[in-house]
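One-letter residues, chain by chain:
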Amino acid sequence: GYLVASGLPYPNEKRHAVEIANMAVRLMQKVDGFKVSHMRNYKMQMRMGIHSGSCVGGVVGSKMPHFSVFGDTVNIAALMESTSDPMRIQMSHTTQALLEEIGGFEFAVRGQMHVPRIGEITTYWLL
């Protein structure tokens, strides 16, 4: 899997939620009609998860240095992705509240989910 972050290394207020949500919707649209030329009957699918919050990032490694991010925010985003359905975008209440405040997005309640060390959270589908 892949991780995309907005607001790193420079914080961008609440714009991160909009940037990531727009990117997720556009990627889903591109993948939905994608044809794999050498596999005619193959339908490419993906799933996505979004969460908003603080994290710690930095360069890790000396032989092959790379930028990495850590923290509960990263873990919850990964959980949103791993428990999502194919061709759906699942997001936490934290991100949903930011998008609702900004406006311009549609979402539906998915339900409650237990997050280890955090507790119960409400999740949403980004439509």
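It should be noted that the structure appears before, not after, this text.
Quick caveat: nothing in here was measured; it's all calculated off a predicted structure.

## Side note on a nonpolar patch on the surface
Right, on to step 1. A cluster of nonpolar residues, L8, V59 and F67, forms a patch on the protein surface that exposes about 290 Å² of accessible area.
Right, on to step 2. Inspection of the secondary structure assignment puts L8 in the segment before α1 (15–32).

## Focus: the environment of N41
Right, on to step 1. Residue placement: N41 occurs in the loop between α1 and β1 (48–50).
Right, on to step 2. By relative accessible area, N41 is classed as exposed at 80%.
Right, on to step 3. Taking the C-alpha atoms as reference points, N41 and Y2, separated by 39 residues in sequence, lie 25 Å from one another.

## Quick notes on the layout of surface pockets
Right, on to step 1. Taken as a whole, the largest pocket holds about 910 Å³ of empty space.
Right, on to step 2. Along the wall of the largest pocket there are 33 residues; nearest its centre are L3, V4, A5, G49 and A77.
Right, on to step 3. Looking at the lining of the largest pocket, the elements with two or more residues in it are α1, β1 and α2 (72–82).
Right, on to step 4. Sorting elements by how many residues they give to the lining of the largest pocket places α1 first, with six residues.
Right, on to step 5. Within the lining of the largest pocket, the residues separate by chemical class into 19 nonpolar, 11 polar and three charged.

## Describing the side chain of S52
Right, on to step 1. Inspection of the secondary structure assignment puts S52 in the loop between β1 and β2 (56–60).
Right, on to step 2. Among the polar contacts listed, one links the side chain of S52 to the side chain of H16, at a separation of 3.1 Å.
Right, on to step 3. Reaching out from S52, the side chain makes a polar contact with the side chain of T95 at a distance of 2.8 Å.
Right, on to step 4. Not counting residues within four places of it along the chain, the set of residues in contact with S52 comprises H16, A17, T73, S92, T94, T95 and L98.

## Looking at the sheet that holds β1
Hydrogen bonds between backbone atoms are what pair the strands of a sheet, whose relative direction is either parallel or antiparallel.
Right, on to step 1. With respect to topology, four strands assemble into an open sheet ordered β1-β4-β6-β5, the strand pairing being mixed. Of all the strands in the sheet, just β1 and β5 (107–115) have a single pairing partner and so form its edges. On average, adjacent strands in this sheet sit at an angle of 30° to one another, irrespective of strand direction.
Right, on to step 2. Here β1 pairs with strand β4 (residues 89–92) via three bridges, running parallel. Bridge assignment links M48 to a residue of β4, and that residue is I89.
Right, on to step 3. Across the face of the sheet, α2 comes into contact with β1, β4, β5 and β6 (119–126) while running at roughly 145° to β1.
Right, on to step 4. The strands that helix α3 (residues 93–102) touches are β1, β4, β5 and β6; relative to β4, the one it contacts most, it runs at about 95°.

Cut-off values and rules
Residues numbered from 1 in each chain as written. Predicted model: local features only at pLDDT ≥ 70, side-chain atom pairs only at ≥ 80, totals over all residues. Heavy atoms only, no water. Patch = residues over 30% accessible without salt bridge, like charges linked within 9 Å, V, L, I, M, F, W, Y side chains within 5 Å. Areas by Shrake-Rupley, 256 points an atom, 1.4 Å probe, with all protein chains shown as cover. Salt bridge = Lys/Arg side-chain N within 4 Å of Asp/Glu carboxyl O. Helix = DSSP H or I, 4+ residues; strand = E, 2+ residues; numbered from the N terminus. Buried < 20%, exposed > 50% of the residue type's maximum accessible area, 1.4 Å probe, protein only. 1 Å grid on protein atoms, 1.4 Å probe; cavity = no way out; pocket = protein on both sides within 12 Å on 5 of 7 lines; lining within 4 Å. Points joined across faces, edges and corners; volume = space filled by probe spheres on them. Nonpolar A, V, L, I, M, F, W, Y, C, P; charged D, E, K, R; others polar. Polar contact = N/O pair within 3.5 Å; in protein donor to acceptor, adjacent residues only side chain to side chain. Contact = heavy atoms within 4.5 Å. Pairing = 2+ DSSP bridges. Axes fitted to C-alpha atoms, helices over the stretch in contact; angles between N-to-C directions.

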